[in-house]
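Below, each chain spelled out in residue letters.
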Amino acid sequence: MEIRAWYIPENPARRFLLKLFNVRVPAGTRAFRTHQHIHFEIALFRAGAGTYTTARTAYPIRPGDVFVFASNEVHCITEITAPLDLMNVHFEPRFLWSGSGSAAPGSELLCYAHNPEFSNRLNPDTPAADRIRALLRETERELTDRAPEYETMVRVKLSEIFVRLLRGCAYGDTLPVNQTQLRHLDAIRRATDYISEHLTEPLTLAEIAAQAQMSPNYFSAVFRAVRAIPLWDYVSEQRVAEAMRRIDAGTESMLTVAMQSGFNNTANFNKTFRRYTGRTPSEYRRHGSAILY
């Protein structure tokens, strides 16, 4: 397996808002396993063939295919009949509304849910799919060249991808406007920023809820309504993502990775890591990100 990755921020040892990576994966059959993450994901298959399996459907993979997965949507490549060459973009929803060139207020809510009838595999023969493929390649060039304001350009291109999904792919059709989500979005942003800044420290519900200026019980209910995930599942997924970044970045011992990612012991670390990736930390260290897709 070969992997080449770009990050925003650039240093992969820091928690990233966006990661774009190219990976080549040899042919083979894989068991379906629960794989999900808090990042929104867009994948472009340049070559190869196989099967992408979700909780509901098994999609064939063909060259040129674009797949889209909302935050915490289960997905797994279960078969590779011809070696895959794919580009994969992961980003935290808050990347869309941070900094200049950000998307319209509330648009990041689309990262958490989509129309139940939306096909994760875009219809390859539509103008929307053509444009999204082009935008993904342009995003890759921006990250490769790093011209002035490249982060802004990446954000603009991802925002256009969202517009194309809405206009040409029925991504958001039938989704009702959730007033609870919109009303409390800023408060949940403050809380998630706090979690990110203090991820490796012991966290309590009371201190997180205080960032949103809510009571703990009310905050827990609002967080789930806005982020479509329980608070502590979100924290655990963030810590697993931090552990993956540390494993990718260097040669720290697994004990150090666990402690520096916010886990209080290796047993809890191993159990949680496997729950969200389907692999042990040691398996991930041996094989890298490619084993997860």
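The structure we're discussing is the one just above.
Described below are features of the structure shown in this document. The structure presented is a predicted model; accordingly, all values stated were derived computationally and were not measured.

1. So, the overall build of the protein
Right, on to step 1. Scanning the protein from N- to C-terminus turns up nine helices and seven strands.
Right, on to step 2. Considering the protein as a whole, with its 293 residues, one finds that 55% of them fall into the buried category.
Right, on to step 3. Here the analysis covers contacts within the protein between residues at least 6 apart in sequence; of these, 71% occur between residues at least 24 apart.

2. Digging into the nonpolar core
Right, on to step 1. Formed by 57 residues in total, the largest nonpolar core has its most connected members in Phe-91, Leu-165 and Phe-219.
Right, on to step 2. With residues up to four places along the chain from it excluded, the contact list for Phe-91 reads Leu-17, Leu-18, His-39, Phe-40, Ile-42, Leu-96, Cys-111, Leu-158 and Phe-162.
Right, on to step 3. By size, the runner-up hydrophobic cluster in this structure holds 14 residues, among which are Val-25, Phe-45, Tyr-52 and Ile-80.

3. Things to note about the environment of Phe-32
Right, on to step 1. Mapped onto the secondary structure, Phe-32 falls in the loop between β3 (28-29) and β4 (40-54).
Right, on to step 2. A C-alpha to C-alpha distance of 7.6 Å links Phe-32 and Ile-77, two positions 45 residues apart in sequence.
Right, on to step 3. With residues up to four places along the chain from it excluded, the contact list for Phe-32 reads Thr-53, Thr-54, Val-74, Cys-76 and Thr-78.

4. So, the packing of aromatic side chains
Right, on to step 1. Throughout the structure, instances matching the rule amount to 18 aromatic pairs.
Right, on to step 2. For the ring pair Phe-40 and Phe-162, a centre distance of 5.0 Å and an interplane angle of 40° mean the geometry is tilted. Taken as a pair, Phe-40 in strand β4 and Phe-162 in helix α2 (residues 150-168) lie far apart in primary sequence, 122 residues in all. The same class applies to Phe-40 as to Phe-162, namely buried.
Right, on to step 3. Three or more aromatic residues joined by ring pairs form one cluster here, namely Phe-40, Phe-91, Phe-95, Phe-118, Phe-162 and Tyr-171.
Right, on to step 4. The lysine or arginine in question, Lys-19, covers the ring of Phe-21, its NZ or CZ lying 4.8 Å from the ring centre.
Right, on to step 5. Taking NZ or CZ as reference, Arg-155 lies 4.4 Å from the ring centre of Phe-95, over its face.

5. Concerning helix α6 (residues 231-249)
Right, on to step 1. Here α6 spans 27 Å end to end across 19 residues, near enough to the 27 Å set by a 1.5 Å rise per residue.
Right, on to step 2. Taken across its 19 residues, α6 has 15 buried, putting it largely inside the fold.

6. Quick word on the pattern of salt bridges
Right, on to step 1. Evaluated as defined, the whole model comprises 14 salt bridges.
Right, on to step 2. Among the ionic pairs, Glu-140 bridges to Arg-46, the shortest N-O distance being 2.5 Å. Highlighted residues: Glu-140 in helix α1 (residues 127-145) and Arg-46 in strand β4, separated in sequence by 94 residues.
Right, on to step 3. Notably, a salt bridge pairs Asp-130 with Arg-133, separated by 2.4 Å at the nearest N-O pair. Residue Asp-130 and its partner Arg-133 are located together in helix α1, separated by three residues, close to a single helical turn.
Right, on to step 4. On the basis of relative accessible area, Arg-133 is assigned to the buried category, the value being 10%.
Right, on to step 5. When salt bridges with common partners are traced through the structure, they connect Arg-131, Glu-138, Lys-157, Glu-160 and Arg-164 into a single cluster.

7. Describing unusual backbone geometry
Right, on to step 1. Of the consecutive residues Ile-8 and Pro-9, the connecting peptide bond is found in the cis state with omega at -5°.
Right, on to step 2. With respect to the helices and strands, Pro-9 occurs in the loop between β1 (2-8) and β2 (18-25).
Right, on to step 3. The backbone phi angle of Asn-72 is positive, close to 70°, even though this residue is not glycine.
Right, on to step 4. Topologically, Asn-72 is positioned in the loop between β6 (66-69) and β7 (75-91).

8. Section: the packing of α1 against α2
Right, on to step 1. Direction vectors running N to C along α1 and α2 enclose 170°, while the axes themselves pass 9 Å from each other. It follows that α1 is roughly antiparallel to α2 by the angle criterion. Between α1 and α2, the residues in contact are Ala-128, Arg-131, Ile-132, Leu-135, Leu-136, Glu-138, Thr-139, Glu-142 and Leu-143 and Tyr-150, Met-153, Val-154, Lys-157, Glu-160, Ile-161, Arg-164, Leu-165 and Gly-168, respectively.
Right, on to step 2. Of the residues assigned to the contact of α1 with α2, the class counts are ten nonpolar, two polar and six charged.

9. Details of the pairing of β4
Right, on to step 1. Across the 15 residues that make up β4, a large majority, twelve, are buried.
Right, on to step 2. Across 13 bridges, β4 lies against β7 in antiparallel orientation. Considered in β7, the bridge of Phe-45 is made with Leu-86.
Right, on to step 3. Note: β4 against β6, four bridges, orientation antiparallel. By the bridge assignment, Glu-41 is partnered in β6 with Phe-69.

What counts as what
- Residues numbered from 1 in each chain as written.
- Predicted model: local features only at pLDDT ≥ 70, side-chain atom pairs only at ≥ 80, totals over all residues.
- Heavy atoms only, no water.
- Helix = DSSP H or I, 4+ residues; strand = E, 2+ residues; numbered from the N terminus.
- Buried < 20%, exposed > 50% of the residue type's maximum accessible area, 1.4 Å probe, protein only.
- Contact = heavy atoms within 4.5 Å.
- Core = buried A, V, L, I, M, F, W, Y, C linked by side-chain atoms within 4.5 Å.
- Phe/Tyr/Trp six-rings, centres within 6.5 Å; stacked < 30°, edge-to-face > 60°.
- Lys NZ or Arg CZ within 6 Å of the ring centre and 35° of its normal.
- Expected span 1.5 Å × (residues − 1).
- Salt bridge = Lys/Arg side-chain N within 4 Å of Asp/Glu carboxyl O.
- Axes fitted to C-alpha atoms, helices over the stretch in contact; angles between N-to-C directions.
- Parallel < 35°, antiparallel > 145°, perpendicular 65-115°, else oblique.
- Nonpolar A, V, L, I, M, F, W, Y, C, P; charged D, E, K, R; others polar.
- Pairing = 2+ DSSP bridges.

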